[in-house]
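# Notes for the structure review
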Amino acid sequence: MTAAYVALEGGHVLEGRGRVSGTARGELVFTTAYTGYEESLTDPSYEEQVLTFSYPLIGNYGVREERFEDDRVHPRAVLAKELTEDVADWLADEGVPAIDHLDTREVVTDIRDEGAMKCGIAVGEDVTEEDALEQLEACKAMSEHTDIGAQVSVDEPVAHGADNDGVDVALVDCGAKGSIVDSLLERDATVHVLPYDADEADVEAVDPDVLFISNGPGDPANYEDAISLVQTFVEDRPVAGICLGQQIVAEALGGTTEKMTFGHRGVNQPVIDLESGRVVMTTQNHGYTVDEPGEHLEVTQVNVNDDTPEGLDGVEYDVITRQYHPEANPGPKDTLDFFDDVLAMADDQSQEAVPADD
Ligand SMILES: NC(=O)CC[C@H](N)C(=O)O
């Protein structure tokens, strides 16, 4: 059996079965999702994290590229109770260390008690606990990855759906999931994907009807360029955001964000809309949250479990954001209408910009 060790912050070391050899380090988090491992493993928001699946069997319906959110696996390592051959082979091809036969209940309990924490991973014929502890020693806190956007963003602007007749979206790619782009294209938008560090001129060059900030990994406070874009454009263009995007919009408009103890990762997070009273089940993957929205934003939706903000609207500006993932890959498709709302907001604004005929 291939040796496999997970060193947790504080020095406690767990032992499991090595499925893919290698060493790794990252922020240890868990997801309770029981489906959607193909989407989760390719979600750029998991960059620099080690992902634990609390559902005990991962891989039972294979690995299909059409479900991928990006062209590579993002977590630095994967922990599970049992991984199928399909998933282990995929992770081996990707060079991502994997361990199973772990008591994932213990891992999850540790994270719930102590919070998302640094960890070190060592898997291989000859590895020892010391190798995992060395990885732990070298592990940085998530907020210290100050330029994490560069690891997950496009390098140059890319346009999708140039022949579409709908609105023009400038999507600031802080690690955007593919299904966000797809959800916009399906609604006839042209999507101009811009680098995470795009400047005012890059946005002006595509003359968008809406500035849309994507999901992405790491601490929202580190995305200074995207924060400044929101500040620059919010007075005359609609702004939307998903997950990291909501956090960046709050940071930009006088609100604050904070790190949660262990975050929300799963596909059954209940969210209530405060005006309609409607509850939706949502898919989530985040470790930060908006703390204070500030005077320019109002909280429109909250998490039923802990009251954290799940939706924000601009008080005087055209702004709508969501903390959960309305594109719903994986997960319940209760929330796809967010894209209709964003595009309607953008369309209204573009109609207003057209001078009325006499
Ligand atoms: N999915 C995301 O966009 C995650 C946002 C942010 N990195 C967080 O953990 O809260």
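Reading the values: the criteria
Residues numbered from 1 in each chain as written. Predicted model: local features only at pLDDT ≥ 70, side-chain atom pairs only at ≥ 80, totals over all residues. Buried ≥ 20, exposed ≤ 12 C-beta atoms within 10 Å, placed from the backbone. Helix = DSSP H or I, 4+ residues; strand = E, 2+ residues; numbered from the N terminus. Near = placed C-beta within 6 Å. Nonpolar A, V, L, I, M, F, W, Y, C, P; charged D, E, K, R; others polar. Pairing = 2+ DSSP bridges. Right-handed = clockwise from strand over helix to strand, strands pointing away. UniProt positions renumbered as here; feature names shortened; annotations may be inferred. Domains from an automatic or database assignment. Contact = placed C-beta atoms within 7 Å. Axes fitted to C-alpha atoms, helices over the stretch in contact; angles between N-to-C directions. Core = buried A, V, L, I, M, F, W, Y, C linked by C-beta atoms within 7 Å. pLDDT = per-residue confidence, 0-100.

What follows covers helix H9 (residues 244-252). When you tally the buried positions in H9, you get nine out of nine residues, the bulk of the element. Buried residues of H9: Leu-244, Gly-245, Gln-246, Gln-247, Ile-248, Val-249, Ala-250, Glu-251 and Ala-252, and no others.

So, about the site of the ligand. For the ligand, the full set of nearby residues is Ser-45, Asn-215, Gly-216, Pro-217, Gly-218, Cys-243, Leu-244, Asn-285, His-286, Gly-287 and Tyr-288. At four residues, the largest contribution of residues to the shell around the ligand is made by strand S16 (residues 279-290). Partitioned by chemical class, the residues of the shell around the ligand number four nonpolar, seven polar and no charged.

The side-chain alternation of strand S13 (residues 210-213) yields two buried faces, one formed by Val-210 and Phe-212 and the other by Leu-211 and Ile-213. Both strand S11 (residues 168-173) and S13 contribute to a ladder of four bridges, which runs parallel. By the bridge assignment for S13, Val-169 is matched with Val-210. Strand direction decides the pairing type here: S13 and strand S14 (residues 239-242), joined by three bridges, are parallel. Bridge pairing in S14 links Leu-211 to Val-239. In this region the chain leaves S13, passes through helix H8 (residues 224-233) and returns to the parallel neighbour S14; the handedness of that crossover is right-handed.

The next subject is the UniProt feature "domain: Carbamoyl-phosphate synthase small subunit N-terminal" (unreviewed entry) in the chain. UniProt tags residues 2-122 as "domain: Carbamoyl-phosphate synthase small subunit N-terminal" (unreviewed entry). Helix makes up 21% of residues 2-122 and strand 37%, and the two end C-alpha atoms of the span are 10 Å apart.

We now examine the domain arrangement of the chain. Each assigned domain of the chain is listed with its residue range as follows: domain 1 (3-140) and domain 2 (149-352). Each partner contributes residues to the interface: domain 1 has 21 residues there, and domain 2 has 23 residues. Looking at the side of domain 1 that touches domain 2, the elements that each hand over two or more residues are strand S3 (22-31), helix H1 (37-41) and helix H3 (104-114). With three residues, S3 is the largest single contributor of residues to the side of domain 1 that touches domain 2. Split by residue class, the side of domain 1 that touches domain 2 holds seven nonpolar, seven polar and seven charged.

Moving on to the sheet that holds strand S9 (residues 117-124). Around the barrel, which closes on itself, the seven strands sit in the order S1-S2-S8-S6-S4-S3-S9 with mixed pairing between neighbours. Neighbouring strand axes in the sheet, compared pairwise and without regard to direction, differ in orientation by 35° on average. Summarising the sheet, strand S4 (residues 49-53) and strand S6 (residues 77-79) pair through three bridges and their orientation is parallel. Among the inter-strand pairings, Leu-51 is bridged to a residue of S6, identified as Val-78. The strands touched by H3 within the sheet are strand S1 (3-8), strand S2 (13-20), S3, S4, S6 and S9, with S3 carrying the most contacts at an inclination of about 70°.

Another point: the UniProt feature "active site" (unreviewed entry) in the chain. The UniProt record annotates "active site" (unreviewed entry) at Cys-243, His-325 and Glu-327. Across 85 residues in sequence, these annotated residues keep their C-alpha atoms within 11.1 Å of one another, forming a single compact spot. As for its position among the elements, Cys-243 is in the loop between S14 and H9. Ignoring sequence-local partners within four residues, the contact set of Cys-243 consists of Ser-45, Asn-215, His-286, Gln-323 and His-325. Within the secondary structure, His-325 sits in the loop between strand S19 (319-322) and helix H10 (337-353). Residue classification places His-325 among the buried positions, given that 27 C-beta atoms sit within 10 Å.

Below, the discussion takes up the nonpolar core. Ranked by internal contacts, the top residues of the largest apolar core, which has 50 residues, are Leu-171, Val-172, Ala-226, Val-230 and Val-249. Ranked by residue count, the leading element in this core is H10, at six residues. Dropping the residues within four chain positions of it, Leu-171 is found in contact with Ala-176, Val-181, Val-191, His-192, Val-193, Leu-194, Phe-212 and Ser-214. If you look at the next biggest cluster of nonpolar residues, it comprises 41 residues, including Ala-4, Tyr-37, Ala-77 and Val-123.

Across 10 bridges, the pairing between strand S15 (residues 257-273) and S16 is antiparallel. Note on S16: the bridge partner recorded for Val-271 is Val-280. Taken together, S15 and the strand that follows it, S16, pair antiparallel across an intervening segment of five residues, in which Gly-277 is found at a positive phi of about 80°. For S15 and strand S17 (residues 297-303), the ladder comprises three bridges, and the chain directions are antiparallel.

Another point: the confidence of the model for the chain. Predicted confidence across the chain gives a mean pLDDT of 96, with 98% of residues reaching 70 or more. Per the prediction output, this complex has pTM 0.97; the corresponding ipTM is 0.98.

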